[in-house]
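Residue-level structure breakdown
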Amino acid sequence: MARIDTDPNSTSVEEEYSRSAEHTKPASVLLRELVAHLREHRTQLREEWARRITEAKVLTAMTKDEVFAEATSVYDNYVEALETGTFEALQAYARNLSERIIPRGVETHEVVGIVLLLRDVLARSLFAKYQTDFTKLNRILDAYEPAANRIANTVAVGFVQERERIIREQQEAIRELSTPVLQVRERLLILPIIGVIDPQRARQLTEQLLRGIRTNRAKVVVIDITGVAAMDATVANHLVQTVEASRLLGATVIVTGLSPEIAQTIVNIGVDLGKMNTVGDLQGGIEQAERLLGYKVVPLEAS
Amino acid sequence: MEVPILKQGDFLIATIQAALTDADLLHLRTALLQQVVRCRSRGVIVDVTSLDVMDSFASRTLREIAQMIHLRGAETVIVGIQPEVAFAMVQLGLKLEDVATALDLEEGLAHLKQKSEGPA
């Protein structure tokens, strides 16, 4: 068919037709096309990405080989998520990855950074491929961008959630460590309290102590607060409640180690510790407890 | 619900087996006092191991039981308060002041024996 070429940018009808056919391709077909492209150029794109990660000086906690190995998994998972449109596998992978790299000291900004870098590397490669057809490029990006953003989101959120879970676990572990209930003699328990007591910890402490009294059939408990830096009215009340609850289980409580500051605070606040048995230090407290239990400690005769 | 009261030598043991209504508690108070008089008991143990809740009425009635029995020259010990119950009680401010408490029946009896033996 003859054409009159007046405009170098004008196109033939055939070209117009084939272009409009492209316009009607559904997003899923475009997505498959783009996934195929990403798979085809996997090696080169992955290397490009690894190079940019090194350039950006992130993931410095990991060796080059490790970065490359993880990059491979991330890449494959990324493309798979794009292809299937489902994100559960990616979420599971993100959590698994986070569990592995968080102990290595990898930070949130690094993880978000590398996922965004991958998104950019892949997007650039799409720009390069479809640069001659702006309309098609737009449609490809319409398919790619929401999915890519969702992936970045999934990975980042997965990482942050894993960090939060680890922090909670560590806090719980610290709490457990700090409130041991120790049996030092038959029927005698010691509860050394160290650090800051918040209402939650105070409650946990009391529950642990009461259970300990029942399990060990304790008649005397020495609560040592030498390691408690400061005390306010709330904490003082918790202490009073702990003493009263212990008494209901038939145990006598001796509180030891009140620092001069805490002693002043308590008197100033006006908390009634009148009924509380207090002794200066832990040594004195244990000695008194032994007396209450009918023990007498005598040095062995030097023969 | 009738609370069984058993005699063990000079002592009485009342074992509460389930939640008691206010009327049951008052009935227990009367029954214990009558038994203390009849048996000339020197001590009473009220075992609350099976109670998961202690409200202010129960707590007050137990104190009254102890006070009345004390007027008869006998000692009362409440035994078996569960850790969760103890915790809830102190939070509500139910202190059972002036009432002796012990971990369990064994401890309660030991306490009563010691008290009744008195200074030699």
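Keep in mind the model is a prediction, meaning the values are calculated, not measured.

Criteria and thresholds
- Residues numbered from 1 in each chain as written.
- Chains lettered and ligands numbered in written order.
- Predicted model: local features only at pLDDT ≥ 70, side-chain atom pairs only at ≥ 80, totals over all residues.
- Buried ≥ 20, exposed ≤ 12 C-beta atoms within 10 Å, placed from the backbone.
- Helix = DSSP H or I, 4+ residues; strand = E, 2+ residues; numbered from the N terminus.
- Pairing = 2+ DSSP bridges.
- Right-handed = clockwise from strand over helix to strand, strands pointing away.
- Expected span 1.5 Å × (residues − 1).
- Arc of directions from axis to C-beta.
- pLDDT = per-residue confidence, 0-100.
- Contact = placed C-beta atoms within 7 Å.

Side-chain positions along a regular strand alternate between the two faces of the sheet. All names here are of chain A. Along strand β3 (residues 220-227), six of the eight residues are buried, which leaves the element largely enclosed by surrounding structure. Relative to β3, strand β2 (residues 188-194) runs parallel, the two sharing six bridges. The residue bridging Ile190 from the neighbouring strand is Val222, located in β3. In this region the chain leaves β2, passes through helix α8 (residues 199-216) and returns to the parallel neighbour β3; the handedness of that crossover is right-handed. The pairing of β3 with strand β4 (residues 252-256) spans five bridges and is parallel.

Looking now at helix α6 (residues 108-129) of chain A. Residues and elements named next belong to chain A. For α6, built from 22 residues, the straight-helix expectation of 32 Å at 1.5 Å per residue is met to within 8% by its first-to-last C-alpha distance of 32 Å. Among all positions of α6, only Glu110, Val111, Ile114, Val115, Leu118, Val121 and Leu122 are buried. Projected down its long axis, α6 carries its buried residues within an arc of 135 degrees, all on one side. Structural note: α6 exposes His109, Arg124 and Phe127 on the side pointing more than 90 degrees away from its buried face.

Across chain B, pLDDT averages 92, with 98% of residues at or above 70. For this predicted complex, the interface score ipTM comes out at 0.86, alongside a pTM of 0.60.

Attention now moves to the interface of chain A and chain B. Taken together, the contact between chain A and chain B spans 13 residues of the former and 13 residues of the latter. When contributions to the side of chain A that touches chain B are tallied by element, the ones reaching two or more residues are α8 and α9 (233-248) of chain A.

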